[in-house]
Amino acid sequence: MMPRIERLAPLAAGLVLGALAMVQMAAANDAAQANGSIPQTASGWIERGSEARSRYSFVGDLVYQHADEIETMRIWRSANPETGVRERLHSLSGDAREILRGDDRITCILPNSDSILVDRRRLDRPLGVRVPANATRLTPHYALRLTGEDRVADRSAVEVRLEPQDTQRYGYALWFDKQTGLMLRAEVLNPAGRVIERLMVMNLDLRDAMPEALLESTLDDAGFTRVEKRWDPDTASTTQARGRWRVSNPPAGYRVSMDRLQSLPGRAAPVRHLLLTDGLANVSVYIEPAEQAPGVDGAMRMGAMNAYGRRIGQHQAIVVGEVPANTVRRIAASLVSESTPETTGQRP
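What you see is a predicted model; the values in this text were computed from it and never measured. (Residues numbered from 1 in each chain as written. Predicted model: local features only at pLDDT ≥ 70, side-chain atom pairs only at ≥ 80, totals over all residues. Heavy atoms only, no water.)

1. Comments concerning the confidence of the model for the protein chain
Here's step 1: Summary statistics for the protein chain give a mean pLDDT of 78 and a share of 76% for residues scoring 70 or more.
Here's step 2: Considering each helix and strand of the protein chain separately, the mean pLDDT is smallest for helix 2 (residues 26-34), with a value of 37, and largest for helix 7 (residues 325-333), with 96.
Here's step 3: Under a pLDDT of 50 for its full length, residues 233-242 has, in the predicted model, 12 contacts with residues more than four places off or in other chains.
Here's step 4: In this model, residues 341-348 is a region of pLDDT below 50 whose contacts with residues beyond four sequence positions or in other chains number 24 contacts. (pLDDT = per-residue confidence, 0-100. Helix = DSSP H or I, 4+ residues; strand = E, 2+ residues; numbered from the N terminus. Contact = heavy atoms within 4.5 Å.)

Structure, rendered in structure tokens:
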């Protein structure tokens, strides 16, 4: 069954959380300020936030707002030099669901098979992880500027705006903890500057270490579907021999950063997954045999998420991303099968 876009929102909330860590030691922060390491530019804050995300452990409650809906979640996050960064996200409203994330694996525990259309690009690249170590990669497609100070989770924060320079991407507002550089709040802005998605930390319990038991799922297997995704270099290399697809006319600044086959529950044949990115915004393309998926033709939307489906010869394609509708439509229209010339895409 093809993914239903309305099912993406609850997962989208938690998977933005890669960078939502908090402060641990004020003494170290004071020393950093004394050494003059507090950034003076928007790009400096973005780079500091990227560096800071793997340092802190905490338990926190978060609020996610999209369209007219508000959801609440709890996150347990462990940052350990030996085991890496691990997270467990548990929904506090709506259907029970959990997401477990490690350096090489992501597991979603969902209430039924209809929910397993996970927006895999968020699994691979949540917003916090996507903030680049080198902010110059975001230009010329975004203009970066500092817009002032605020309070988030009862802490002083610095706001950075990333303003799109064309109509192929949304804008972002990011709040970084003033002492640590860790991101506490994120908003997605439409071309008019209106907030279409918001994620914000409400309270945090900082931990020196996170017990292993708190990072494991508490949901029963009965009545739930477990979907696991693990990075496998061998799988990535073999996909190249299974038929190639490309985007003949991508929007400016977007490039294909991943191309591989993935097995999904309920699919007899593997699904081709292409990931396009401009350094911050991500767009996923899923292509599979048409006989194993119902036809999806045209646009779908939910909050900041847009999708576009298209039948290409004997294949069904769907393009999904937290980008404007014209961006997913352009990518869908530009899909080309290199192994089947007659299925070349048409430009919008």
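2. Some points on the packing of aromatic side chains
Here's step 1: Overall, the coordinates contain one aromatic pair when judged by the stated rule.
Here's step 2: Their ring planes at 55° and their centres at 6.4 Å tell us that Tyr-142 and Tyr-172 sit as a pair that is tilted. Of this pair, Tyr-142 sits in strand 6 (residues 142-152) while Tyr-172 sits in strand 8 (residues 171-177); the two residues are 30 residues apart in sequence, bridging distant segments of the chain.
Here's step 3: Residue class for Tyr-142 comes out buried when judged on its relative accessible area of 2%.
Here's step 4: Take Tyr-172: its relative accessible area is 0%, and that puts it in the buried class.
Here's step 5: Across from the ring centre of Tyr-142, 6.0 Å away, lies the NZ or CZ of Arg-169, which sits over that ring.
Here's step 6: One Lys or Arg, Arg-185, reaches over the ring of Trp-175 and ends 4.1 Å from the middle of that ring. (Phe/Tyr/Trp six-rings, centres within 6.5 Å; stacked < 30°, edge-to-face > 60°. Buried < 20%, exposed > 50% of the residue type's maximum accessible area, 1.4 Å probe, protein only. Lys NZ or Arg CZ within 6 Å of the ring centre and 35° of its normal.)

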